[in-house]
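# Close look at the chain arrangement
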Amino acid sequence: MSSEEEARVTLKATRLREYQAAKKATRNDADPQTFLDLFCGCGGFTLGMLRSGLRCLAAIDSDPAAIATLQANLVDRDHLGMAKVAHVIERDLRIFQPDQLAALIGTDHVDVIVGGPPCQGFSTARKVDGANHGARLKTDSRRQLYRDFLRYVQFFQPRVFVMENVLGLRTAAGGAYFTAVQKEARELGRTQRKPGYRVHGQVEDSWELGVPQKRRRQLIIGVRNDLPGYFLPELNPAPRAEARICLGTAIGDLPILRAGGGENERNYDAVRVASYSPQIEGILEVR
Ligand SMILES: C[S@@+](CC[C@H](N)C(=O)[O-])C[C@H]1O[C@@H](n2cnc3c(N)ncnc32)[C@H](O)[C@@H]1O
(Lines give C-alpha, C1' and ligand atoms only; values in the text may rest on other atoms or scores of the structure.)
Protein backbone atom coordinates (compact mmCIF):
# COMPACT_ATOMS: atom_id res chain seq x y z
CA MET A 1 0.00 0.00 0.00
CA SER A 2 1.43 3.42 -0.91
CA SER A 3 1.89 5.97 1.86
CA GLU A 4 -0.87 8.06 0.28
CA GLU A 5 -3.33 5.14 0.40
CA GLU A 6 -2.24 4.35 3.95
CA ALA A 7 -2.93 7.93 5.03
CA ARG A 8 -6.34 7.76 3.37
CA VAL A 9 -7.25 4.52 5.16
CA THR A 10 -6.08 5.92 8.50
CA LEU A 11 -8.10 9.10 7.97
CA LYS A 12 -11.18 7.07 7.09
CA ALA A 13 -10.77 4.90 10.21
CA THR A 14 -10.36 8.01 12.39
CA ARG A 15 -13.46 9.61 10.91
CA LEU A 16 -15.45 6.44 11.43
CA ARG A 17 -14.37 6.26 15.10
CA GLU A 18 -15.32 9.92 15.61
CA TYR A 19 -18.63 9.34 13.88
CA GLN A 20 -19.45 6.32 16.05
CA ALA A 21 -18.54 8.23 19.21
CA ALA A 22 -20.73 11.17 18.15
CA LYS A 23 -23.56 8.80 17.26
CA LYS A 24 -23.34 7.18 20.69
CA ALA A 25 -23.32 10.57 22.39
CA THR A 26 -26.45 11.69 20.56
CA ARG A 27 -28.47 8.53 21.21
CA ASN A 28 -31.81 8.97 22.88
CA ASP A 29 -32.67 6.76 25.82
CA ALA A 30 -35.85 5.66 24.13
CA ASP A 31 -34.78 3.80 20.99
CA PRO A 32 -35.62 3.47 18.17
CA GLN A 33 -35.31 7.03 16.99
CA THR A 34 -38.20 8.46 15.04
CA PHE A 35 -38.47 10.36 11.78
CA LEU A 36 -40.81 12.18 9.40
CA ASP A 37 -40.49 11.91 5.61
CA LEU A 38 -41.81 15.07 3.89
CA PHE A 39 -42.47 14.96 0.12
CA CYS A 40 -42.08 11.21 0.60
CA GLY A 41 -43.06 10.14 -2.94
CA CYS A 42 -43.44 6.39 -3.12
CA GLY A 43 -41.10 5.97 -0.15
CA GLY A 44 -37.49 5.60 -1.29
CA PHE A 45 -36.10 7.73 1.52
CA THR A 46 -38.52 6.15 3.98
CA LEU A 47 -37.33 2.68 3.08
CA GLY A 48 -33.68 3.56 3.67
CA MET A 49 -34.45 5.10 7.03
CA LEU A 50 -36.57 2.10 8.09
CA ARG A 51 -33.75 -0.21 7.08
CA SER A 52 -31.44 1.85 9.28
CA GLY A 53 -33.69 0.97 12.21
CA LEU A 54 -35.58 4.24 12.64
CA ARG A 55 -39.35 4.39 13.11
CA CYS A 56 -41.42 6.50 10.73
CA LEU A 57 -44.09 8.54 12.49
CA ALA A 58 -45.44 10.01 9.25
CA ALA A 59 -44.78 10.05 5.51
CA ILE A 60 -46.50 12.88 3.65
CA ASP A 61 -47.02 13.64 -0.04
CA SER A 62 -49.70 15.31 -2.15
CA ASP A 63 -49.72 12.72 -4.95
CA PRO A 64 -52.37 10.02 -4.41
CA ALA A 65 -50.54 7.49 -6.63
CA ALA A 66 -47.30 7.92 -4.65
CA ILE A 67 -49.17 7.59 -1.37
CA ALA A 68 -50.96 4.42 -2.58
CA THR A 69 -47.60 2.91 -3.59
CA LEU A 70 -45.99 3.69 -0.26
CA GLN A 71 -49.03 2.32 1.55
CA ALA A 72 -48.92 -0.91 -0.46
CA ASN A 73 -45.18 -1.46 -0.02
CA LEU A 74 -44.37 -0.17 3.44
CA VAL A 75 -47.61 -0.55 5.37
CA ASP A 76 -49.80 -3.29 3.93
CA ARG A 77 -46.94 -5.64 3.14
CA ASP A 78 -44.81 -7.42 5.69
CA HIS A 79 -41.40 -6.00 4.91
CA LEU A 80 -38.67 -8.09 6.50
CA GLY A 81 -39.79 -7.30 10.03
CA MET A 82 -39.17 -3.55 9.68
CA ALA A 83 -41.36 -1.19 11.66
CA LYS A 84 -44.25 -0.04 9.53
CA VAL A 85 -44.90 3.60 8.74
CA ALA A 86 -47.32 4.81 11.41
CA HIS A 87 -49.16 7.44 9.34
CA VAL A 88 -49.24 7.76 5.55
CA ILE A 89 -50.76 11.14 4.81
CA GLU A 90 -51.92 12.61 1.50
CA ARG A 91 -51.69 16.38 1.95
CA ASP A 92 -50.35 19.48 0.26
CA LEU A 93 -47.45 20.53 2.49
CA ARG A 94 -47.91 24.18 1.54
CA ILE A 95 -51.24 24.07 3.33
CA PHE A 96 -51.03 21.31 5.92
CA GLN A 97 -49.49 22.79 9.07
CA PRO A 98 -46.89 21.22 11.39
CA ASP A 99 -49.14 21.65 14.44
CA GLN A 100 -51.90 19.74 12.59
CA LEU A 101 -49.41 16.95 11.98
CA ALA A 102 -48.34 16.96 15.64
CA ALA A 103 -52.00 16.60 16.68
CA LEU A 104 -52.48 13.74 14.21
CA ILE A 105 -49.41 11.74 15.25
CA GLY A 106 -49.84 12.59 18.94
CA THR A 107 -46.41 14.12 19.54
CA ASP A 108 -44.29 17.13 18.72
CA HIS A 109 -41.08 15.19 19.31
CA VAL A 110 -39.25 13.64 16.37
CA ASP A 111 -35.56 12.88 16.14
CA VAL A 112 -35.01 13.29 12.40
CA ILE A 113 -36.81 14.96 9.49
CA VAL A 114 -35.90 13.87 5.97
CA GLY A 115 -37.33 14.87 2.63
CA GLY A 116 -36.84 15.58 -1.02
CA PRO A 117 -38.82 18.67 -2.04
CA PRO A 118 -39.53 18.51 -5.79
CA CYS A 119 -36.41 19.02 -7.87
CA GLN A 120 -37.86 19.95 -11.28
CA GLY A 121 -37.51 23.64 -10.42
CA PHE A 122 -33.76 23.16 -10.08
CA SER A 123 -33.09 20.41 -12.56
CA THR A 124 -30.29 21.12 -15.01
CA ALA A 125 -32.28 19.02 -17.50
CA ARG A 126 -34.61 22.02 -17.69
CA LYS A 127 -31.97 24.65 -18.41
CA VAL A 128 -33.44 27.58 -20.26
CA ASP A 129 -30.40 29.72 -20.89
CA GLY A 130 -27.61 27.26 -20.25
CA ALA A 131 -27.10 28.36 -16.65
CA ASN A 132 -30.24 27.04 -15.00
CA HIS A 133 -31.47 30.51 -14.10
CA GLY A 134 -33.66 31.55 -17.03
CA ALA A 135 -36.95 33.39 -16.67
CA ARG A 136 -39.14 30.27 -16.78
CA LEU A 137 -37.17 28.56 -14.03
CA LYS A 138 -36.90 31.73 -11.97
CA THR A 139 -40.66 31.80 -11.57
CA ASP A 140 -41.07 28.07 -10.92
CA SER A 141 -43.00 28.06 -7.64
CA ARG A 142 -41.64 24.62 -6.79
CA ARG A 143 -38.38 26.35 -5.94
CA GLN A 144 -40.04 27.66 -2.78
CA LEU A 145 -41.08 24.26 -1.40
CA TYR A 146 -37.85 23.94 0.59
CA ARG A 147 -39.38 26.62 2.85
CA ASP A 148 -42.24 24.26 3.74
CA PHE A 149 -39.67 21.62 4.64
CA LEU A 150 -37.87 24.14 6.86
CA ARG A 151 -41.17 25.19 8.47
CA TYR A 152 -41.52 21.62 9.76
CA VAL A 153 -37.93 21.63 11.01
CA GLN A 154 -38.63 24.92 12.78
CA PHE A 155 -41.70 23.50 14.54
CA PHE A 156 -40.42 20.04 15.49
CA GLN A 157 -36.78 21.02 16.15
CA PRO A 158 -35.46 17.53 15.30
CA ARG A 159 -31.92 16.55 16.22
CA VAL A 160 -31.00 16.18 12.58
CA PHE A 161 -32.56 16.97 9.22
CA VAL A 162 -31.58 15.82 5.75
CA MET A 163 -32.95 17.52 2.64
CA GLU A 164 -32.19 15.88 -0.69
CA ASN A 165 -32.21 17.58 -4.08
CA VAL A 166 -30.60 17.63 -7.51
CA LEU A 167 -27.19 19.22 -8.09
CA GLY A 168 -28.96 22.05 -9.96
CA LEU A 169 -29.84 23.45 -6.53
CA ARG A 170 -26.20 24.59 -6.27
CA THR A 171 -26.19 26.54 -9.51
CA ALA A 172 -29.78 27.80 -9.79
CA ALA A 173 -29.97 31.60 -9.89
CA GLY A 174 -26.21 31.84 -9.59
CA GLY A 175 -26.17 29.84 -6.32
CA ALA A 176 -28.72 32.09 -4.60
CA TYR A 177 -31.04 29.20 -3.60
CA PHE A 178 -28.22 27.04 -2.31
CA THR A 179 -27.05 29.90 -0.11
CA ALA A 180 -30.59 30.78 0.98
CA VAL A 181 -31.50 27.20 1.99
CA GLN A 182 -28.42 26.92 4.17
CA LYS A 183 -28.72 30.41 5.65
CA GLU A 184 -32.41 30.00 6.49
CA ALA A 185 -31.75 26.55 7.97
CA ARG A 186 -28.99 27.93 10.22
CA GLU A 187 -31.37 30.53 11.61
CA LEU A 188 -34.23 28.11 12.38
CA GLY A 189 -35.68 28.65 15.82
CA ARG A 190 -33.19 31.40 16.68
CA THR A 191 -35.95 33.97 17.15
CA GLN A 192 -37.59 31.65 19.70
CA ARG A 193 -34.24 31.30 21.52
CA LYS A 194 -33.82 27.80 20.11
CA PRO A 195 -30.31 26.56 19.32
CA GLY A 196 -30.44 26.70 15.50
CA TYR A 197 -28.57 24.27 13.24
CA ARG A 198 -25.11 23.62 11.89
CA VAL A 199 -25.71 23.10 8.20
CA HIS A 200 -23.60 21.32 5.68
CA GLY A 201 -23.98 20.60 1.95
CA GLN A 202 -22.75 17.25 0.69
CA VAL A 203 -22.90 15.58 -2.72
CA GLU A 204 -23.40 11.82 -2.87
CA ASP A 205 -23.32 9.44 -5.82
CA SER A 206 -25.72 6.54 -5.43
CA TRP A 207 -23.52 4.32 -7.60
CA GLU A 208 -20.72 4.58 -5.05
CA LEU A 209 -23.13 3.52 -2.30
CA GLY A 210 -24.45 0.30 -3.81
CA VAL A 211 -27.29 1.45 -6.06
CA PRO A 212 -27.02 0.20 -9.65
CA GLN A 213 -27.66 3.66 -11.06
CA LYS A 214 -25.48 6.72 -11.67
CA ARG A 215 -27.30 9.46 -9.84
CA ARG A 216 -25.67 12.28 -7.92
CA ARG A 217 -27.60 14.15 -5.31
CA GLN A 218 -27.14 17.26 -3.24
CA LEU A 219 -27.79 16.65 0.45
CA ILE A 220 -28.28 19.47 2.91
CA ILE A 221 -27.72 18.13 6.39
CA GLY A 222 -28.47 20.02 9.59
CA VAL A 223 -27.49 19.05 13.12
CA ARG A 224 -29.03 20.95 16.04
CA ASN A 225 -26.48 23.23 17.64
CA ASP A 226 -26.89 21.83 21.16
CA LEU A 227 -25.73 18.38 19.95
CA PRO A 228 -22.20 17.19 19.30
CA GLY A 229 -23.07 16.62 15.67
CA TYR A 230 -20.70 15.27 13.17
CA PHE A 231 -20.80 15.19 9.39
CA LEU A 232 -19.40 12.07 7.79
CA PRO A 233 -17.90 13.30 4.54
CA GLU A 234 -17.29 9.86 3.12
CA LEU A 235 -20.28 7.56 3.31
CA ASN A 236 -19.91 3.83 2.88
CA PRO A 237 -22.30 1.47 1.09
CA ALA A 238 -24.97 -0.03 3.32
CA PRO A 239 -24.16 -3.38 4.93
CA ARG A 240 -24.32 -6.14 2.29
CA ALA A 241 -24.35 -3.64 -0.59
CA GLU A 242 -21.36 -3.09 -2.81
CA ALA A 243 -20.18 0.04 -4.58
CA ARG A 244 -20.17 0.36 -8.37
CA ILE A 245 -22.61 -2.37 -9.25
CA CYS A 246 -23.98 -2.36 -12.81
CA LEU A 247 -27.66 -2.86 -13.47
CA GLY A 248 -26.96 -6.12 -15.35
CA THR A 249 -25.21 -7.57 -12.29
CA ALA A 250 -28.05 -6.52 -10.05
CA ILE A 251 -31.07 -7.68 -12.03
CA GLY A 252 -29.69 -9.33 -15.18
CA ASP A 253 -30.95 -12.72 -14.12
CA LEU A 254 -34.60 -11.68 -13.96
CA PRO A 255 -36.81 -13.47 -16.48
CA ILE A 256 -37.31 -11.56 -19.73
CA LEU A 257 -40.52 -9.55 -19.69
CA ARG A 258 -42.08 -8.85 -23.08
CA ALA A 259 -44.33 -5.84 -23.63
CA GLY A 260 -47.77 -6.67 -22.28
CA GLY A 261 -46.60 -10.00 -20.87
CA GLY A 262 -45.64 -11.34 -17.47
CA GLU A 263 -47.24 -11.10 -14.09
CA ASN A 264 -47.47 -8.18 -11.74
CA GLU A 265 -45.95 -10.14 -8.93
CA ARG A 266 -44.12 -13.43 -8.73
CA ASN A 267 -41.93 -15.27 -6.33
CA TYR A 268 -38.29 -14.64 -6.97
CA ASP A 269 -36.55 -17.04 -7.84
CA ALA A 270 -35.36 -20.52 -6.93
CA VAL A 271 -32.55 -20.38 -9.48
CA ARG A 272 -31.35 -17.05 -8.16
CA VAL A 273 -31.32 -18.26 -4.57
CA ALA A 274 -29.34 -21.33 -5.64
CA SER A 275 -26.78 -19.24 -7.50
CA TYR A 276 -26.43 -16.89 -4.55
CA SER A 277 -24.29 -13.89 -5.32
CA PRO A 278 -23.10 -11.59 -2.54
CA GLN A 279 -23.11 -8.76 -5.06
CA ILE A 280 -26.78 -9.24 -5.73
CA GLU A 281 -27.88 -9.70 -2.16
CA GLY A 282 -28.45 -6.37 -0.50
CA ILE A 283 -29.58 -4.72 -3.70
CA LEU A 284 -32.70 -6.73 -4.26
CA GLU A 285 -34.58 -8.84 -1.81
CA VAL A 286 -34.61 -12.54 -2.43
CA ARG A 287 -38.06 -13.89 -1.60
C1 LIG B 1 -38.43 14.18 -5.63
S2 LIG B 1 -39.97 13.50 -5.19
C3 LIG B 1 -39.59 12.73 -3.65
C4 LIG B 1 -38.98 11.35 -3.77
C5 LIG B 1 -38.89 10.64 -2.43
N6 LIG B 1 -38.02 11.33 -1.51
C7 LIG B 1 -38.42 9.20 -2.59
O8 LIG B 1 -37.37 8.84 -2.02
O9 LIG B 1 -39.09 8.41 -3.23
C10 LIG B 1 -40.89 14.91 -4.73
C11 LIG B 1 -42.30 14.62 -4.22
O12 LIG B 1 -42.88 15.84 -3.77
C13 LIG B 1 -44.29 15.71 -3.92
N14 LIG B 1 -44.89 17.06 -3.82
C15 LIG B 1 -44.81 18.06 -4.74
N16 LIG B 1 -45.45 19.15 -4.29
C17 LIG B 1 -45.95 18.83 -3.06
C18 LIG B 1 -46.72 19.53 -2.09
N19 LIG B 1 -47.09 20.80 -2.29
N20 LIG B 1 -47.06 18.89 -0.94
C21 LIG B 1 -46.70 17.61 -0.73
N22 LIG B 1 -45.97 16.89 -1.63
C23 LIG B 1 -45.60 17.48 -2.77
C24 LIG B 1 -44.44 15.04 -5.28
O25 LIG B 1 -45.71 14.42 -5.38
C26 LIG B 1 -43.26 14.06 -5.27
O27 LIG B 1 -43.68 12.78 -4.87
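Everything below is about the structure printed above this text.
Here is a short report on the structure shown in this document.

Cut-offs applied
Residues numbered from 1 in each chain as written. Predicted model: local features only at pLDDT ≥ 70, side-chain atom pairs only at ≥ 80, totals over all residues. Pairing = 2+ DSSP bridges. Helix = DSSP H or I, 4+ residues; strand = E, 2+ residues; numbered from the N terminus. Axes fitted to C-alpha atoms, helices over the stretch in contact; angles between N-to-C directions. Contact = placed C-beta atoms within 7 Å.

Moving on: the pairing of strand β4 (residues 112–115). Both faces of the sheet carry side chains from a regular strand, because those side chains alternate between them. In terms of strand pairing, strand β1 (residues 34–38) meets β4 through four bridges, oriented parallel. Across the sheet, L38 pairs through a bridge with G115, a residue of β4. Alignment of β4 against strand β5 (residues 160–165), held across four bridges, turns out to be parallel. Paired with V114 across the two strands is V162, which belongs to β5.

Attention now goes to the sheet that holds β4. Taken together, seven strands build an open sheet; the order of strands is β3-β2-β1-β4-β5-β7-β6 and the sheet is mixed. Every other strand in the sheet has two partners, leaving β3 (88–90) and β6 (197–205) as the edge strands with one partner each. Across the sheet, the mean angle separating the axes of adjacent strands is 15° when strand polarity is ignored. In the packing of helix α3 (residues 64–74) onto the sheet, the strands contacted are β2 (55–61) and β3, and the crossing angle to β3 comes to about 170°. Relative to β6, helix α8 (residues 176–187) is tilted by about 140°, and along the sheet it contacts β6 and β7 (216–224).

Function cannot be inferred from these measures alone, as they are strictly geometric.
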